[in-house]
Each structure stands twice: as structure tokens, then as C-alpha cells.
Amino acid sequence: MASSSLTCISSILDDMQLLENKCPDYTDHDFASLKGGLRILRPFLMSARKWGNNDDENLAALLLGTEAAISKTGEKIHSFCLRLELEGRVSANDLRTLVFDCMADFPSDEDIKGWYFVFSYRSLKQSSNNSLMKTEDLIEFMDYLLESFRDDHYDIGVLFEAVEGPTEGLEEKLAFLKNFISFVALHGIKDEQLGPLLAHTELIAVNAACLSYWSCFGADDELYLSIRDATMEGLQKIIPVESHVHETCVQALIASKLSARSYVEADEQILREIIDSLLCNIWWMLKSGTCRMISIKDQLQMLCDGLRSLRTILKEKEKPNKFNEKMRDLTGLVICDAGLVFLTLSLNAINDGWVKEMDLVPLDLLERIKLIKATIAEECPGTSPFNFPKTNELGFVDSLLKYMMDLKSPEAGTAALVNHRVQTVQEELAFFPSFLGKIVDLCNEDEELQSLWDRVVYLAYRVEFLVDSLLVGDIVDSSSISFDSIVEEIKIIKSEALKISDSKRLDVKVKEVTKTLNHQPSPVFKPTINDLVVGIEDEAASIINRLRRGSNQVQIVPIVGMPGLGKTTLAKKVYNDSNVMSHFHVRAWCTVSQDYHNKHMLLQILTSLDSKLPDKYFEMSEEDLALEVKKRLQKNRYLIILDDIWETEAWNGLQATFPDNGDGSRVIFTSRYHDIAPQDKLDKEPHRLRPLTHDESWDLLTKELFPGNLPPPELCELQMQIVEICQGLPLTIIILAGILKNVDRQGWKEVVESLSSSVVSSTEQCTATLELSYNNLADNLKPCFLYFGAFPEDHEHNLDKLIWLWVAEGFAQKSQFKSAEDVADDYIMDLISRSLITVSKRRSTGGIKTCSIHDLLHEFCVRRAREEKFFQRVSGYDELQAFSMQHNLRRLCIHSEPEHFCKSRLFAPTIRSLLFFSHDERYKKKMFHLSLIFGIFKLVRVLDLSHISLGSTLPRELEFLVQLSYLAVLGTMKSIPSSIANLTNLETFIVGTFSRIVSLPDTIWNMKKLRHLHIRRRYRYYSTFRLPTNNLDDAAELCNLVTFSDAILSSWENVDKILRKLPNIRKLKCSIELLESDYPASGASDKILVLDFLSQLESLTLKAKGYVQCQFEFQFSSTIKKLTLSRFYFPWSKISAIENLPNLEVLKLLRGAFEGEEWNMEEEGFPKVSFLKLASLDIVKWTAFECEECFPSLRKLILEDCHYLEEIPPCLGNSSLEIIEVSDCPYSASFIKPLKEEQMDLGNTHLKICISSREMDD
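The structure presented is a predicted model; accordingly, all values stated were derived computationally and were not measured. (Residues numbered from 1 in each chain as written. Predicted model: local features only at pLDDT ≥ 70, side-chain atom pairs only at ≥ 80, totals over all residues. Heavy atoms only, no water.)

Student: So, the overall build of the protein: which residues are in play, and what are the values?
Tutor: When helices and strands are counted, the protein shows 43 helices and 32 strands. Split into buried and exposed, the 1258 residues of the protein put 53% on the buried side. Of all intrachain contacts in the protein linking residues separated by at least 6 positions in sequence, the fraction that spans at least 24 positions is 70%. Carbon together with sulfur atoms contributes 48% to the accessible area of the protein, which is approximately 55,600 Å² in total. (Helix = DSSP H or I, 4+ residues; strand = E, 2+ residues; numbered from the N terminus. Buried < 20%, exposed > 50% of the residue type's maximum accessible area, 1.4 Å probe, protein only. Contact = heavy atoms within 4.5 Å. Areas by Shrake-Rupley, 256 points an atom, 1.4 Å probe, with all protein chains shown as cover.)

Shown next, in the form of C-alpha cells:
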């Protein structure tokens, strides 16, 4: 009877899935509860059938009622489905009534819970060698149990969240037992042979079913808690470790291997499931530290990679033809051997604490995996021994040597390495940077030099791995990668390098390269944009105006913009304009390109001036050609176009050739960089070419596809999608037009809907343009640029965070006069000037706040980074499951849901950077267990987990990641553990939290390298760090801390002590917690907040909290450039502490910073303030009767929520004021009109005034 009930439940679940598909909006909590309840009822019915006695009258009655309820529910649900099919729709209320009626028929949960414990007790009394269930019944039981585990409504995993130890991964371990039994049963292994294993599995399964049911229906019961603790020990032994069970498993695998059974296609699911289970359990062994020796880790890593590849093949719906019966049989042998490896591993782990064998994985096992992969790929995959990142290799060697030098310093805390062989390695390795610098430009033409280069760089990566493994305490047990073997290898390579240097081969080759560069003109070919002119008429008019007007001296007019915007097209339109042609006496066009040569450029100019240039000019020297050009331009008003100029040196080589005739001659540059032209030759800022509008983009596309004709309806339907894809980039539009030209009209919609940036950027034109730009970058800029590909597409990068990441990655390092952050900022500006990245938002100071990268460039970064092995980007569940780690993988960027990441079982022990991204808001607050994962990534330096919640506490395992330089986490934590100080190399620490206050430990003062300490708000939460105040007198200073936000400084007596612990702070955002006890009852106070000793402070945000009736004085540092104050409620007279700050550029006075109806500026002050914001103040009159120049440098004024403000000084900023933004100031009309009139009198005719209010918006 139980069997029929199980069949009935399956039918009910099918019908409920149909209802859910057709009425997704009607299925609610009760619907999910009924479905989940039916799932977890199936294991109970099977348990009752096996462990119930015939004389259990109460059980019989319970089963009778349960089966009757199941039958009735099946009839009701099926009838409802038929009604839905007949009528086409049903009401949500009818479905809710149905669910309620069905749930009312079922027996009490309390009765089922009680019987489950009876079954658990009876299973414990069974013989350890015999099982009540046959193999097929046990597999069915576990299938039902695992399905109930995966039900979203009853999150059974929550049951084990509070339980530490091996019970983590309960579902995976149960699945292993089930899949193992299914696999060996395929080979005809009888129940009698599996007796101990079946009995062990049966015991585990019924206890797991018991506890899972109780976790869903009353897990706080005292009886449940006591029995849970008693049975947990058995669940911890879920992997068979008892000798008789273990021996049964081993013998079953050996028998399966010897059975010579052939597998059919229907068996592939079982093969795939057992591979998945083996992967899971071997991964658990790896990450839990069972294997401490590197050689064993390497063997198991190769095994995991192979198993992952096999799983991927088996998961494919359409498998390769090569995956035939023979390949399935080989896969079966691989599974048997891998299972034996795992069982050996688990037994040794229990007996010895960790595995000690050196050759754990049989060589023939790995060879079989290679054979399968090679057969599928139709060729053996050759893995290069030099499989390391190819980006800025010379820079890596330099940074490695600096890193090893730093290990000698006392601050490094590595005194034990002073006399270690690592110092010998460093001394020997120091020879190579200069040698590599000599051959860097020669390797592409010389295989021997390229081979030598590869060997040096590969050696450097192995040295880094050795040193880092030593520092984190890993046992380096392989003779092939010891310090002694490395020293010997260095000497061999060094000897070969010296022979090449002594033979003067390098001198000859350098001369050959120089000769080639000096005497072979570069090709003038470049990817071209169609000459269709759309949307640049206004741009052309602006350029023409600059050409015809202005100074009589020679002036340069740069046209700048990112690749593909149409700079050359615009220049050609201007060049051929009739007004331009009539204005200039002579014109010449010269395409410079990346690899330019002066002689070639001079010949281009002469050919433009004289189309019939005699042959003799081609034989002239560069000096003679320059004189000829100058002669032809003398006494003529000329226009020269230098198209696609890449660097200032190209202009410097030609500048003397262009005479200054005092007649208004002009030179147009087209470039990706805005700083190519010398400032003394510019009349205005470079002309930045804008993207096309949507209408202009559409016009260009239709003219390209249907010149002179209207576009057909099939294309018009896709207009908005197309213009959104193209984003105003002419190059993209032209490429898309080329795709549509070669597709039938019926296929246009499919092309547009499936189109991504990869489709566009795969064309030869776009690829050539992007390749050209990237190849021209300096080596130190290439990793910075490629790094954008690690982030999600269309990501808006916070500049500060991006710079901190670059520094932690080692892309930017401090110089003699600049910090690493300042060097990185220079890199940002360089990339912006090359139009590779764009500014998204600016700071109030005018600096860059956020930046972004075009989709086309992002796709290029992803592709190029993959080619150069710069990072590996893994997106989505499928890619995570198929992930196979590259040898020497350095950076791993994961884009997925958090739960997929946690279940991915990645093993990448060589990575130095792990970035995780997820934008699924459902998971922001859900905690995920990552504790054991940290044991895998022991060498990691950059760890960004700001999109996956770690819960209420930081995992203790984090403290072992001693190489960390950058750490970003998310969670609900209210405090940071003291063990954070174990991360002695940490420079950037970012905490995203849902808590309002996060307390920092006393040990924070010991983190000498800390440079950036930040807390990030989540949603509406305003979060702050609370600094420790115990033993401040004895606490160390954080001398390297340069940015800190947000912090609470508790009580007045501690404020000064804490601030003096931050002597080099540059950016500080904090709240001062003021207590009434800090002030006398009279309210008078002589307290002074002294900040002038902070000699590096540039940006300060101060907010008062708590007792607000305080009065004290400020002494600000004269270095402050940006100041924000709120909630101090000072009288306006105290603003004198601010008005004479010599470097202040940005001033924000926010809610309650000052109070009082009138602010009368009596003295000329705020000499450099260019940005002023007043928000949420009670001020009525702001006057400056005796002040002729108030805010003389003011450019932008924001007035916000000043509901009583009626008057402001009309002479603000003299004529410098550019924009005023007023919002929610009801009386703004009373002061805007006189201010506007005053500004007009001062000659400020370009002032912009924007007035808005929430009422108006509403």
C-alpha cells in the first residue's frame, strides 16, 4: 500500500508543477508548504514499511490515515488541473481553498515525528552486516530523501548551520553513498557482497530522515535537541571508515573493475553522478587540509581536473561521436580507480591525521583520463611548460625582486629568512631584469631569445610560489621545485645569457632593429570607418570656426576621442569643406599611425602639396625633405592634418618644419589622447568628439544599408534595440550594418536579439583598432587596462577602490617621490587621455569619482586577458561546473550566484587574487559557509567577497591568509575579531555590513601596513566603525593609514588620543560622539578640537552625535582641501575657523552644521573655495555688506533644503561663478534675481541657474 501511495505522491507533484507553470502568480507559501510536505512524507512511508512491526496498531492507523489523505489530495489536485484545462483559467482564491482543504486531511506532524525516532532506534539495533532494504529500495529511499533536502520551502540545510565539523555537506555525503551503491550495482555486485555497506547506509539515511523531518516541524523541542546531539556522531561518520564497511567498498570497486561490464548510453547518468560525488569528496579532503604535502595536492588536483572534464563531457546533451562504448568503458575504469584513491585517502586521513604517501594517484589513471580527453578533442592537448601570465612579464620579475628585498626588512617579520636559501635565490635572480630589458624587443624575431625569456619568467613564477608557500607554512616536498634546484637552474640560464651578451649578438640585433625602424616607412593602412557623414555637422562647424578665427600664430586644433567615434571622418569633412579650402592657401594630409617615421611623414606632406612629386624627393635625406616642406609652406597660410597621432614625439620631430608665418596657419591632430599637443600651441581645449545620438545612429545605419531609400518595416521594428546596442559608436554601427547585409530579412530580429558586444568586436575592423591601441600601451599600463575585464560589463568603477586593487595586485608601486596610489592615479589619467576609459562621475573638487569602459573594450579585455592568461573569468553555474584550473592560474574572477560558488568545489591553490561578483539581491543577507574554502586559497593577496555574506562573524580561517593585502567582505557582523591583526600584510580592509556599528578590536593598532580602512553602507543602513579606546596611551600609531571612513570617536577625552594615532591620514570621515558629561552644566567650555597636527589631511568629514548643546573651538589643518560638517549647531560666528583655510576648495555645510538666522560675512575669506554646498540649514539671511570679494574663486553653489533662506550675497564669486543649483528653497526668487543682475554687471553672461523642488517634481 505504501508503494501505491508513493506513486500517488509523484503524480500529485507532477500536477502541482503543472499548476505552478500555468498560474505562477497564484502559488503562495501554503502551496509551497504542501508540495514540500509531500516530498518529505515519502521517506517516512518507506521507513514505516521497513521498520514498522505488524503489531503496531497506532502506526497502522497513522499510515491508513496518511494514505487516505494522499489519495484524496491526488483526486482533488487532479480534478483542479482538469478544470484548469477545460476553463483556461482559475482564481487565486480557488487555488488557496484547494490547498487549505488538502492540508487539513493529513495527520498530525507530532505523530510522524514520534514514529521517526522509533524507526531510528530500531535501525540502530539491526546487524551491522545486514540491511532490511534491498539495493533498489535503499536507492529509492535516498532519492526521496535527497529530493526533500533540495526543497526550497523546507531549508533543511539550516538544521546543520549551527553544527560544526564534518556534518557540513550532509547532502553531498548522502549523495555519495547513494551514487556509490548505484555504480557498483551496475556491475552485478550482489546485496550479500554489499551487506555492511548497505547496513551502514541504511542507518545513516534513516537518522538523516528523522532529523530532517524534525527540523521542518519543531526543531526547538528539547527531545529533538537531545536526540540530535546523540545521533550527530553517527552522521559525522557518513563516509565509511569502519574497517569492515571500508573493506566492503574497496572490494566492491575491485570487483566492478574486474567485471569487464560494458556500459550503455542509459548508464551515463549513473556515471555522471558518481563522478560528481567523487569530485565533491576529494575536494572536501583537499580544502580541509587532509593533504599538506604539495606533491599530493598536485596529484589530486590533476585528478580533480580530469574528473571535472569527464563530468562536462557526460553532461553534454549531444555528446561527441568519439564518446562511444569504448570511451564509456574507460570512464568506468577511471571511476573505479578514483574511488579507490578516495577510499585510501579517507582511511589514511583518519589513521594518520594526514596522507603521507608520495604517489597516491596511479599514473595509468591519469593516462586514461588524458586518453579520453584527447580522443574527444581528436588530438592530444599539449600543455606548455611555460603556462604563466604573459602580461608585463618584465614588470613581474622586477616586482618579485622588490618583494624578496622587502622580506629582509625588520618590518616584514620574516627574520628567519635572513640566512635562508631564499636570499641566495634573490641575489642570483637580480641579474635578469637588465638582461630581459635588452632582449624585450628582440624576442619576437629570435626563437632562442624567446625561449630564454620564457625560461626566466617561468623560473620567477616558481620562485614566487616557493617563497609564498614557505611563508604560509606549506610543506614543499618536491625535489623538482626546491630552493637548491632553483639556484642551480638560475646558474644554468644565467650562463647562457652571459654567452649571448658576450658574443655581441644583442648589439648587432639592436642595430638591425634600429635600422629597420629608421629606414622602413610604416604602412599607412588602418581600419577605416565608412565615409558616410552623419551627426557631425555641428562638430565640423565648431572645428571650422576655430580654424578661421583666433590667433594669427600657428595653432593646433586636436580632435580627440575613443576608437571608432569618427575622428578621421570629421577631419576629412573639415579638410574638404569649401570654406576651409578657400581660406587656406595650401593643405596637406599626413597619416601618422603608431609606428611612424619622420621621413615617411614628410613624404606624405609633400605628396599632398604636389601630387606629381618628382622621384628625386624619394631619394632625399630626412633633413633635405624637412627643408623642402618648410620652403613650400613659407609665406602660405597652410592647414596640415596629422591623423592618428599617438605621442608628442611625433609632433616634436616635425614642429621645426612648420614655419610660423603669422597668417593664421593651423595644424589639426586626430588622436585618442588629449595631451599630445603642447599647451603653448593650443588656442582652446581639445575638441572631444561626442557619440552619436539615437536618431543619428539610426540615420547612419539606414544610409549604410539602404542608401537613398526608406528602411523596410522589418528593420524599423528593431530600431530602439539597434541604437541601444550601438551606443552611438559609428564603428559599431557600420559593423552591425555589415552583419545585417548578409542575413535575410527574416533573420534580422534573431541577430539583433542575440547580439552582444562579442559579435561586434569579433570583426576584423574592430579587432584591429583595439589591438592597435592595446599594443601601444606601456607594459605597466597593460595589466591595469585588462583588469577592467575582470568586472561585470557596464560596471561603474569607484576610482578609489580600483586604485587600491591595482596597488594590491602590484600594478602600481611607490616611487621615490610618489605613493603607490598616486602612481596608480597617474595610470588612470593616462588611460583616460588615450580614450580607453571614460569618466562617469566627477567629485566636487573636479577630480574623478567613477569611471567606466565601453562594452567593446570590455570584451576585448576579457578576450585578451584569457589569451595572455592574465586572469580566468568564470560566469554562471555551467562554467563553474566545467571549470578546469590553468596551471599557474593567478587571478580568478567569478560571476555567479553565491550558492553556485559555494557548491562549485573549486581548487585553485596557486591563485593570488579572487574576485567574486553577484548582483542577485536575493542573496545579500543570506549567510554562506566559506570557512574551508579559505584553506585552499592560502596564497591569495587580493580577496573581494563583497557580494557574498559571511554572516555575523568573520571565519577564523581568514586569519591564516597571511599574504592578504586587500580584503573586502560582506556580512551582518557587529565586531571584527582580534585575529584580524594576524594579517600583517593587509593594506586595504573594506567591510560591508547591515549592522549600524561594527566594533574594531584593540589589535587594530598593531596593523602597521594598513592604509585604507572603510565601512560600506548597505541599502538604507548608515554604518560606522567604533574604534577601541582601551590602553590608548600604549597603543601604536597607524602611520601608514591614509584613508579612514566612517569612524565613531567616543567621548571627548579620547578624540585627541585617537586622532594622534593617525599622523599621516589624508582622508578622514568620522563622527564625534559627544556626551553630556564631557561639558559643564553652564554650557561654557574651553575645549578645542585640535587638528592642525594632521599635516597630510586633505579631506575631512565631521559629524556630531549625541549631546548637541556643546560649544568648542576648531583648529583645522591648513592642508585641508575638502571639508564637510554636520550637526554641530555652531553659531555662524565660529565659521571664522574655516574662512581663512588657505587650501580649502570644497566646503559642504550640511544639516545643522551651523545655526542662526543670519550669516554676515565681515571679512574676505574662502580664497580658493570653488564648490560650496549649504543644505538643511535654518539660515534666513546670508549677507556680505562689508566684503567686496566673498568666495572669489567660487564656481559652483548648491543650496538645498534651506527652507527659510531669503537673501544671499549677489557678488558671490565675482565673475567666476558658473552654476547655481537651488532645490527646495521656497524663497529663492527673492535672491536669484538680484544675484543674476549683479553677475551680468560683472560680465558673467554664462551663469547657469537651475531651480527645482520636490513639490514641482511631484
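Student: Break down the packing of aromatic side chains for me, citing the residues and quoting the values.
Tutor: Summed over all chains, the structure comprises 33 aromatic pairs. Aromatic pair F1130 and F1154: ring centres 6.0 Å apart, planes at 55°, arrangement tilted. Placement of F1130 in strand β24 (residues 1130-1131) and of F1154 in strand β26 (residues 1154-1155) is noted, with a sequence separation of 24 residues between them. Using a relative accessible area of 1% as the deciding quantity, one classes F1130 as buried. Under the relative-accessibility criterion, F1154 is labelled buried at 2%. An aromatic cluster is built from F1114, F1116, F1128, F1130, W1132, F1154, W1159, F1166, W1182 and F1191, whose rings are joined through pairwise contacts. (Phe/Tyr/Trp six-rings, centres within 6.5 Å; stacked < 30°, edge-to-face > 60°.)

Student: Lay out the nonpolar core with the relevant residues and their values.
Tutor: Within the largest apolar cluster, 114 residues are counted, with the highest numbers of intra-cluster contacts made by F989, F1044, L1102, F1116, I1138, W1182 and F1191. Here F1044 is in contact with L1000, L1013, H1014, F1025, L1027, L1062, I1065, K1067, L1068 and K1069, once residues within four sequence places are set aside. In this structure, I275, I282, C304 and M327 belong to the second largest nonpolar core, which totals 100 residues. (Core = buried A, V, L, I, M, F, W, Y, C linked by side-chain atoms within 4.5 Å.)

Student: Give a description of the sheet that holds strand β8 (residues 848-852) that names residues and reports values.
Tutor: Read across the sheet, 3 strands follow the order β6-β8-β7 without closing on themselves; strand pairing throughout is antiparallel. In the strand order of this sheet, the two ends are held by β6 (797-798) and β7 (838-842), each with one partner. Relative to β8, β6 runs antiparallel, the two sharing 2 bridges. Its bridge partner lying in β8, N798 is registered against T850. (Pairing = 2+ DSSP bridges.)

Student: Summarise the sheet that holds strand β3 (residues 638-643); cite the residues concerned and give the values.
Tutor: Judged by pairing direction, the sheet is parallel, and its 5 strands sit side by side in the order β2-β3-β4-β1-β5 without closing on themselves. Single-partner strands in this sheet number two, and they are β2 (586-591) and β5 (687-688). As judged from the 2 bridges shared by strand β1 (residues 555-560) and β5, these two strands associate in the parallel manner. The partner of I559 across the bridge, within β5, is H687.

Student: Tell me about helix α4 (residues 92-104), and please be specific about residues and values.
Tutor: Over its 13 residues, α4 extends 19 Å from the first C-alpha to the last, a length consistent with the 18 Å expected when each residue adds 1.5 Å. Within α4 the residues assigned to the buried category are A92, L95, L98, V99 and C102. All buried residues of α4 fall inside an arc of 125° around its axis, so they share one side. Away from its buried face, by an angle of more than 90 degrees, α4 presents the exposed residues F100 and A104. (Expected span 1.5 Å × (residues − 1). Arc of directions from axis to C-beta.)

Student: Would you mind going over the packing of helix α16 (residues 421-429) against helix α19 (residues 483-502) in detail, with residue names and values included?
Tutor: As a packed pair, α16 and α19 sit with axes 10 Å apart at the nearest point and diverge in direction by 15°. Taken together, α16 and α19 sit at an angle that is classed as roughly parallel. Where α16 crosses over α19, the handedness of that crossing is left-handed. Within the contact between the two elements, α16 uses R421, V422, T424, V425, E428 and L429 and α19 uses F483, D484, I486, V487, I490, K491 and K494. A breakdown of the residues in the contact of α16 with α19 according to their chemical character gives 7 nonpolar, 1 polar and 5 charged. (Axes fitted to C-alpha atoms, helices over the stretch in contact; angles between N-to-C directions. Parallel < 35°, antiparallel > 145°, perpendicular 65-115°, else oblique. Left-handed = near helix turned anticlockwise from the far one by under 90°. Nonpolar A, V, L, I, M, F, W, Y, C, P; charged D, E, K, R; others polar.)

Student: Please set out the pairing of β3 residue by residue, giving values where relevant.
Tutor: Most of β3 sits inside the fold, with 6 of its 6 residues counted as buried. Burial of the side chains of β3 extends over both faces: Y638, I640 and L642 are buried on one face and L639, I641 and D643 on the other. Both β2 and β3 contribute to a ladder of 6 bridges, which runs parallel. Bridged to C590 within β3 is L642. Two strands pair when backbone bridges link them, and β3 and strand β4 (residues 666-671) are joined in this way by 4 bridges, in the parallel orientation. Residue pairing across strands places I641 opposite I668, the latter belonging to β4.

Student: Describe the pattern of salt bridges, naming the residues involved and giving the relevant values.
Tutor: For the structure shown, the criterion picks out 42 salt bridges. Across the pair R843 and D800 runs a salt bridge, and its minimum N-O distance is 3.1 Å. Highlighted residues: R843 in the loop between β7 and β8 and D800 in helix α35 (residues 799-809), separated in sequence by 43 residues. Residue R843 is classed as partly exposed on the basis of its relative accessible area of 24%. Between E1073 and R1026 there is a salt bridge whose closest N-O contact spans 3.1 Å. Of this pair, E1073 sits in strand β19 (residues 1067-1074) while R1026 sits in strand β17 (residues 1024-1026), placing them 47 residues apart in sequence. Among the ionic contacts, a cluster of salt bridges with common partners joins E464, D468, R890, R912 and R941. (Salt bridge = Lys/Arg side-chain N within 4 Å of Asp/Glu carboxyl O.)

Student: Could you give me a rundown of a negative patch on the surface, with the residues and numbers involved?
Tutor: Judged by side-chain charge, E1155, E1157, E1158 and D1178 come together as a negatively charged surface patch. With respect to the helices and strands, the residue E1157 is situated in the loop between β26 and β27 (1158-1160). (Patch = residues over 30% accessible without salt bridge, like charges linked within 9 Å, V, L, I, M, F, W, Y side chains within 5 Å. Lys, Arg positive; Asp, Glu negative; His and termini not counted. Charge placed at Lys NZ, Arg CZ, Asp CG, Glu CD.)

Student: Give me the lowdown on the pairing of strand β31 (residues 1219-1223), citing residues and values where you can.
Tutor: Burial of β31 is extensive: 4 of the 5 residues sit out of reach of the surface. Relative to β31, strand β30 (residues 1196-1200) runs parallel, the two being bridged by 5 bridges. Its bridge partner being in β31, E1200 is matched across the sheet by S1223. Relative to strand β32 (residues 1248-1252), β31 runs parallel, the two sharing 5 bridges. Following the sheet pairing, I1220 is matched in β32 by I1249. At this point the chain moves from β31, through helix α42 (residues 1229-1241), to the parallel β32, and the crossover so formed is right-handed. (Right-handed = clockwise from strand over helix to strand, strands pointing away.)

Student: Which residues make up unusual backbone geometry, and what values go with them?
Tutor: Look at the link from S1045 to D1046: it is a cis peptide, with omega at -15°. The topology assignment puts D1046 in strand β18 (residues 1043-1050). You will see that N392, though not glycine, has its phi angle at about 50°, which is positive. Its location among the elements puts N392 in the loop between α14 (363-377) and α15 (393-406). A positive phi is found at D1201, a non-glycine position, where the angle reads about 55°. By relative accessible area, which is 12% here, D1201 ends up buried.

Student: Before we move on, could you go through the confidence of the model for the protein and cite the residues and values that matter?
Tutor: The predicted model of the protein has a mean per-residue pLDDT of 79, with 80% of residues at 70 or higher. Per-residue pLDDT stays below 50 along residues 352-358; that stretch engages in 20 contacts with residues further than four places along the chain or on separate chains. (pLDDT = per-residue confidence, 0-100.)

Student: Requested: an account of the environment of A1137, with residues and values cited.
Tutor: When you line up the elements, A1137 lands in helix α41 (residues 1136-1139). For A1137, a relative accessible area of 25% puts it in the partly exposed group. For the pair A1137 and F1116, spaced 21 residues apart in sequence, the C-alpha separation works out to 7.4 Å. For A1137, the contacting residues outside a window of four places in its chain are F1114 and F1116.

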